[in-house]
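Summary of the model geometry
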There are 2 protein chains.
Amino acid sequence: MQLQTPEGYHPLDEAGVKAFVAALPSMSQRLGGEPTAWSVGEVGDGNLNLVFLVDGPDGSCCVKQSLPYVRLVGPDWPMPLERAFFEHECMVDHGRHVGRLIPEVYHYDPEMFAIVMEKLSPHIIMRQGMINGVVYPKFASDIAEYCAQTLFKTSTLYLPAEEVKQRVAVFAGNTELCRITEDLIFTDPYRQNERNRWTSPQLDPVKAAFEADSELKLAISRLKLKFMGSTEALLHGDLHTGSVMLTPDDTRIIDPEFAFYGPRGFDLGAVIGNLLINYFAQDGHAAEGRPSETPRAEYQAWVLETVEAFWTGFRARFIEFWEAEGTGDGYPHDLFADEAGRSALAEERERFMDVLLHDALGFAGAKMIRRILGLAHNIDLEWIEDPDIRAKCERKCLSLARELVLETGSFNDITAVTRRAREVAAAAG
Amino acid sequence: MQLQTPEGYHPLDEAGVKAFVAALPSMSQRLGGEPTAWSVGEVGDGNLNLVFLVDGPDGSCCVKQSLPYVRLVGPDWPMPLERAFFEHECMVDHGRHVGRLIPEVYHYDPEMFAIVMEKLSPHIIMRQGMINGVVYPKFASDIAEYCAQTLFKTSTLYLPAEEVKQRVAVFAGNTELCRITEDLIFTDPYRQNERNRWTSPQLDPVKAAFEADSELKLAISRLKLKFMGSTEALLHGDLHTGSVMLTPDDTRIIDPEFAFYGPRGFDLGAVIGNLLINYFAQDGHAAEGRPSETPRAEYQAWVLETVEAFWTGFRARFIEFWEAEGTGDGYPHDLFADEAGRSALAEERERFMDVLLHDALGFAGAKMIRRILGLAHNIDLEWIEDPDIRAKCERKCLSLARELVLETGSFNDITAVTRRAREVAAAAG
């Protein structure tokens, strides 16, 4: 299949990347020396894009370029080049608020659909670290800060409605990537579709039960409607532990190519859901004797503490911003300026966060299910080699996920979630 | 104040309208004869635009043109010409579904920001008819049909998510008119602002009480957040009885210049709220002995029947569409194709409509309050000359409105609303 691409675009190779970077004076200066002295490596391990790391005598950079198709699948699954545009737009918008929690952006080339940004080193993808039992003590507060900053400061709680509408219009163009989410998360896992994969035959009965579970399908469809019909804040859109690169001291959020204006709970749920997937996977890695930097049981405790610390930290920080910088069109400041108003608004903020937790838990459940019964799986579970052991972990994960989606309202705070996770993990399965 | 306007634009006068229409071959043909034989009248009685009616020997048309400012106020309140663009876009989008419930669009001129459309005759503005006690037997079912068609068929219950996003992006540009709603409906009436007007001194205590009512201000702010952050369907955006032109046999919805993607309840609430305003105004017209085609008490009964018939008809029709044409991305058809799924989805539709009624009632209350304590009032109440009599009607209207906003959840069906309206009207006041 031959895909049409716009004039001026061609996929880069290692030689091409050197020429591309060398043509940018600020980058040449940053890397130092002659391009012949630079080293280039292609490291894209994601499903979609080309990613090059370029090192020179004085500095380095990372070049991320869209391909006109899904890299994992090939030209048979075309994918718009414009995702690089949306990723760059999101990095700029979020970057105003989150500083060094994302890579620094050096340059965007709209013809090549390529972003030139900071090379992160020695950061690794968080998911890999978690499989190896690496504790990241700063992660909870960093991701809480990232979420609070982005989900507050791109919304009408902080901005005039006009600015939000202008950005909603821009990101409404990222339709194809939203479509992936709509199909792969909210639809396919609950029906028969050739793209679905699951541990078979072990999970065949669960898959069949989910397809027949009308109440679950209604609850998932309500979440999908919220995903498609809310413009609360500019979301990262794919905020799992594979979109985090870190060291124990430094956390960076990458890859916001799914960015769009949507419901805050979707990003928050992605964080919670992916931590919980790892929690349930730990027993599998323990059973297979995979080495761990931290004893597996201890690590599981840390994962749940991280879930709690993330939500608690996010909630506190979001409320802090709202109190200090609630200058947007939502809950207009001057309606609540008197003593009674301030007090009423303070209570409202708590209620608001309670509702947001429920949103987040529903989306967390949806994210957990799609990684076990849908197309795209996580290595947290995939790297458990024995299908019986893996299926046991997955069954428990699905069990909690189903409760999160269906009985969202029964979880009154985040400790109710972690407590239930412990109970489900401890049950015979 | 001199306002910049784009090249090619100038405000039309009566001679200019003739030349403008004559330059359109299809319009010349429709009107017939020579332009010298045409008659032109400017009839814009709204707050914003120029409206010309043009009659020729064979036919007629209406030309509606944006001015670069609010006509009512003058150049001191600039207003974007582009509102004509959004009105035309909405008429085209809605027109696909509602047929003759809106005027036929003949032409749009993007440089002149002028829409050429069907001249409605002998239709009058519904609000005037209602003040005169004119019964419109077809209105309830016509407006129910209009709302069901537009609020279903522009949404993801009917359309692919991509199409909705594309339209969301277009209408996100209508920021200034959304801003008017955000300020004049959801904010100003609850604070001190020089734009507010109310029957003074009679309503001074009520106005002060509303400004101090923190719970009410929270509830209004929640509605505002929903207004700014939902993209459920393409709304008319200003669906009061002044946006309806009709005869007893024919109903037309006009003036969707406030069109945007927002929460369905906002349009539905506009209909309900404006009918209720007229209901409470009737006692005032009766007290002043204003002549009525229908005895006032009988007319009031008809108004409440119309509220009920509107909601009941809308609800039934919306569900019908959903059952027969629920082909969009919301609640995907093939997730609910089996017996159990069909039955579960049928129940979900009922729940969905219950939630939508609550949304509508909240917005109805907000619409009622802004017409009594905010900038723009309705002639339903304004034409009651005696301020004591008017204030008595307005107090009752505000009392029900406050309940609709604050105790939305206590109204389980539309008859609970009309029953409560009767009780409030009957109370000493």
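Residues numbered from 1 in each chain as written. Chains lettered and ligands numbered in written order. Predicted model: local features only at pLDDT ≥ 70, side-chain atom pairs only at ≥ 80, totals over all residues. Heavy atoms only, no water.

Comments concerning the interface of chain A and chain B
So the rule is basically this: Only heavy atoms matter for contacts: two residues are in contact if any of them lie within 4.5 Å across the pair. As used here, buried area is the combined drop in accessible area, with a 1.4 Å probe, of two parts when they are placed together. The working definition used for a salt bridge is a side-chain nitrogen of Lys or Arg within 4 Å of a carboxyl oxygen of Asp or Glu.
Taken together, the contact between chain A and chain B spans 43 residues of the former and 43 residues of the latter. Of the roughly 3800 Å² buried where chain A meets chain B, counting both sides, 58% is carbon and sulfur surface. It is Lys165(A), Leu218(A) and Leu335(A) that lose the most area in chain A upon contact with chain B, and together they represent 16% of the buried surface on that side. Where chain A meets chain B, there are twelve salt bridges. Between Lys165(B) and Glu182(A) there is a salt bridge, with the nearest N and O atoms lying 2.7 Å from each other.

What about the pattern of salt bridges?
Two side chains with opposite charge may pair up if their charged atoms get near one another. For clarity, the cut-off: Counting from the N terminus, the helices are DSSP H or I runs at least four residues long and the strands are E runs at least two residues long. Exposure classes here rest on a 1.4 Å probe applied to the protein chains alone. A residue is buried below 20% of its type maximum, exposed above 50%, and partly exposed in between.
For the structure shown, the criterion picks out 83 salt bridges over all chains. With its nearest N and O atoms 3.6 Å apart, the salt bridge here joins Glu325(A) to Lys153(A). Here Glu325(A), found in helix α11 (residues 296-325), pairs with Lys153(A), found in helix α5 (residues 139-153); they are 172 residues apart in sequence, far enough to count as distant. A residue is classified by how much of its surface remains accessible, and Lys153(A), at 9% relative accessible area, is buried. Of the charged contacts in the structure, one is a salt bridge between Arg83(B) and Glu257(B), with a shortest N-O distance of 3.7 Å. Placement of Arg83(B) in helix α3 (residues 83-98) and of Glu257(B) in the loop between β11 (250-253) and β12 (260-262) is noted, with a sequence separation of 174 residues between them. The exposure class assigned to Arg83(B) is buried, which follows from its relative accessible area of 0%. Since its relative accessible area comes to 6%, Glu257(B) is described here as buried. One network of salt bridges, in which partners are shared, links Glu162(A), Asp329(A), Asp334(A), Arg179(B), Asp183(B), Asp188(B), Arg191(B), Arg195(B) and Lys224(B).

Here's the deal with the domain arrangement of chain A
Often, the extent of an interface is quoted as the loss of accessible area on bringing the components together. Residue and element names in this part refer to chain A. The following threshold applies: Start and end positions for the domains come from either an automated domain assignment or a database one.
Domain annotation for chain A reports domain 1 (14-117) and domain 2 (124-426). Measuring from the centre of the C-alpha atoms in domain 1 to the corresponding centre in domain 2 gives 27 Å. With 22 residues of domain 1 in contact, the opposing surface of domain 2 contributes 31 residues. Roughly 2300 Å² of surface becomes buried between domain 1 and domain 2 when both sides are summed, with 64% attributable to carbon and sulfur atoms.

Here's the deal with the environment of Phe260(A)
Residues and elements named next belong to chain A. Topologically, Phe260 is positioned in strand β12 (residues 260-262). By relative accessible area, which is 4% here, Phe260 ends up buried. Excluding residues within four positions of it along the chain, Phe260 makes contact with Phe171, Cys178, Phe227, Ala233, Leu234, Leu235 and Gly237.

Let's talk about the packing of helix α11 (residues 296-325) of chain B against helix α12 (residues 339-373) of chain B
Residues and elements named next belong to chain B. Rules: All axes are obtained by fitting lines to C-alpha atoms, using only the stretch in contact for helices, and the reported angles, taken between N-to-C directions, cover 0 to 180 degrees. For classification purposes, an angle smaller than 35 degrees is called roughly parallel, one larger than 145 roughly antiparallel, one from 65 to 115 roughly perpendicular, and anything else oblique. Throughout, a crossing is termed right-handed when the near helix is turned clockwise from the far one, and left-handed when it is turned anticlockwise from it by less than a right angle. Gly counts as polar in this scheme, as do all residues outside two lists: the nonpolar Ala, Val, Leu, Ile, Met, Phe, Trp, Tyr, Cys and Pro, and the charged Asp, Glu, Lys and Arg.
One can describe the packing of α11 onto α12 by two numbers: an axis separation of 11 Å at closest approach and a directional angle of 140 degrees. On the basis of their axis angle, the class for α11 and α12 is oblique. Both α11 and α12 take part in a crossing whose hand is right-handed. For the pair formed by α11 and α12, the contact residues are Trp311, Phe314, Arg315, Phe318, Ile319, Trp322 and Glu323 on the first element and Arg349, Glu350, Phe352, Met353, Asp354, Leu356, Leu357 and Ala360 on the second. A breakdown of the residues in the contact of α11 with α12 according to their chemical character gives ten nonpolar, no polar and five charged.

Some words on the relation of the copies chain A and chain B
Two chain copies here: they are related by a rotation about an axis and a translation along the same axis. Stated precisely, the cut-off is as follows: Copy-to-copy superposition: least squares on the C-alpha atoms, limited to residues that have pLDDT of at least 70 in both copies.
Aligned on chain B, chain A shows an RMSD of 0.0 Å; the corresponding rotation is 180 degrees and the shift along the axis is 0.0 Å. Accordingly, the operation relating the two chain copies is best matched by a two-fold axis. In terms of C-alpha distance to the rotation axis, chain A has Ala169(A) as its closest residue, with the C-alpha 2.0 Å off the axis. Mapped onto chain B, 100% of the interface residues of chain A are again interface residues, and the two copies thus contact each other with one and the same surface.

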